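# An overview of the molecular structure
Residue strings, one per chain:
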Amino acid sequence: MKKLGIYVQVPFCQTKCTYCNFHTGVVASSRFAPYVEAVCREIREHQESLRAAGVNCGSEIDEKAHSQDSSRQNRAMGQRWLCHEAVVDTVYIGGGTPSLLDPAHLRDILEAIRSTFVTELVEVTLEADPETIEAEKAVAWVAAGINRVSFGLQSFVDKELIAAGRMHRRADIYRAVPILRAAGIRNINFDLIAGLPHQTKESWRRSLDELAWLAPEHVSVYLLEIDEGSRLGKELLLGGGKYSAGAVPSEDEMADYYEMAQEALGAAGYHHYEISNWAKPGYESKHNLKYWQREPYLGFGAGAHSFSGTERWANAHDAGEYVTAVQGGRLPVEQYERLTTESALEEELFLGLRQLDGIDLDRIEQEYGVTLAGKLDPLALAGLVKREGSLVRLAPERLSVSNEVFVELMR
Ligand code: SF4
């Protein structure tokens, strides 16, 4: 049976980090319960509401329509699938800070998934901030079926955490990890950000060393993205100094930090499998691999995205609007796109090349009826990609400038 991933968005945080422009809000905890009720209802009623809105998931009629498509288009646009015939094997509860929710809320969400879908859950991830971890909560998470915790820890240096507006401090990380281990969590991810205000080579090295010492099974390293809509981004545009805007490392420094991470994590036994992701052998994120490999997933909650293999759609970002729509029996979807062959090809290249194993050029050229040598050969000549037969991948030593490759390919 086709495997299916489920993403659940919890758009609530304790404070707004200075660099963040996600659709997340700091709201009274009294809003959590109605939101969770809406998510559970959306999960239970998803087939009827999607079908009523003409979205392909779960429709036998669409299955027949697809089988009449041209065979190339059909192959290129992804596999047909019916979500009631798929087995849910991964769940990712992200945010926001979903660890703020009462454990009973998380249990309710997972119960709604189990009672609606055929499930064989092998990876159930909860995003958490270190300061929200308590022993009792961690035990309840494990009892609910959560077996992976992804920490937004970003740095081990308090000065950087304070400047970024994060709530936790280094000591919280050292307090939280043993609590999770004692509760039975055997799969922990640490997120780090390269390029936080006040970060230096020395402080970044310290974060990498402390991470290696705590030995999480999985690590994500992101370069700080300056979003113009964030408080930090606005301050930078104004040329001001609030939020330590004057202490943001340069792009070259960030690229150096990324390369330091590549070296340090490799030396610590992590396998680099996606531009921003490293794992101990066997701990690659099964859920996130679905995004890069264009496998289907359904998203529930405000702003959550879904992908059927041929269509993408997204829910209303505003949590209040989302809850009102679900409570009123309306589909909370605000964006819908049926992929063209061209956009599916772009996704194949963009998402495929993010994985360090690369892409199978022969397969892609055959399925999409295109020749890509004209685009790839100059990149190979410039040393940005490597070609071995039909396999094309980003040059590992040039990953810090991978954006150049994507810009060229999307031209
Ligand atoms: S915790 Fe994450 S989602 Fe929430 S404000 Fe900070 S960066 Fe944004």
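Note that this is a predicted model, so its numbers are computed, not measured.

How each quantity is defined
- Residues numbered from 1 in each chain as written.
- Predicted model: local features only at pLDDT ≥ 70, side-chain atom pairs only at ≥ 80, totals over all residues.
- Heavy atoms only, no water.
- Patch = residues over 30% accessible without salt bridge, like charges linked within 9 Å, V, L, I, M, F, W, Y side chains within 5 Å.
- Areas by Shrake-Rupley, 256 points an atom, 1.4 Å probe, with all protein chains shown as cover.
- Salt bridge = Lys/Arg side-chain N within 4 Å of Asp/Glu carboxyl O.
- Lys, Arg positive; Asp, Glu negative; His and termini not counted.
- Charge placed at Lys NZ, Arg CZ, Asp CG, Glu CD.
- Helix = DSSP H or I, 4+ residues; strand = E, 2+ residues; numbered from the N terminus.
- Buried < 20%, exposed > 50% of the residue type's maximum accessible area, 1.4 Å probe, protein only.
- 1 Å grid on protein atoms, 1.4 Å probe; cavity = no way out; pocket = protein on both sides within 12 Å on 5 of 7 lines; lining within 4 Å.
- Points joined across faces, edges and corners; volume = space filled by probe spheres on them.
- Axes fitted to C-alpha atoms, helices over the stretch in contact; angles between N-to-C directions.
- Parallel < 35°, antiparallel > 145°, perpendicular 65-115°, else oblique.
- Left-handed = near helix turned anticlockwise from the far one by under 90°.
- Contact = heavy atoms within 4.5 Å.
- Nonpolar A, V, L, I, M, F, W, Y, C, P; charged D, E, K, R; others polar.
- Near = heavy atom within 4 Å.
- Pairing = 2+ DSSP bridges.

### Considerations on a negative patch on the surface
A contiguous patch of negative charge, built from E251, D252, E253, D256 and E259, is present on the exposed surface. When you line up the elements, E253 lands in helix α11 (residues 251-267). What makes E253 partly exposed here is its relative accessible area of 36%.

### So, empty space enclosed by the protein
Using the criterion set out here, one finds one cavity of 30 Å³ or more in the structure. There is about 70 Å³ of room inside the largest cavity. Taken together, 13 residues line the largest cavity, and the ones lying closest to its centre are E42, L50, G299, F300 and W313. Only α2 (46-52), β9 (297-300) and β11 (311-315) provide two or more residues apiece to the lining of the largest cavity.

### Remarks on the packing of helix α16 (residues 373-381) against helix α17 (residues 402-410)
The geometry of α16 relative to α17 is characterised by a closest axis approach of 10 Å and an angle of 155° between their N-to-C directions. As the angle between them shows, α16 and α17 are arranged roughly antiparallel. Here the hand of the crossing between α16 and α17 comes out right-handed. Between α16 and α17, the contacting residues are K375, L376 and L379 on the first element and V405, E408, L409 and M410 on the second. Residue classes in the contact of α16 with α17 are distributed as five nonpolar, no polar and two charged.

### Some thoughts on the site of the ligand
Near the ligand you find C13, T15, K16, C17, Y19, C20, F22, T24, G96, T97, D129 and R166, and these make up its full shell. Looking at the shell around the ligand residue by residue, the class counts come to five nonpolar, four polar and three charged.

### Thoughts on the sheet that holds strand β14 (residues 385-388)
One open sheet accounts for three strands, arranged β13-β15-β14; its pairing is antiparallel. This sheet does not close on itself; its edge strands, each paired only once, are β13 (359-360) and β14. When β14 meets strand β15 (residues 391-394), the two strands line up antiparallel, connected through four bridges. Counted as the bridge partner of V385 is L394 from β15.

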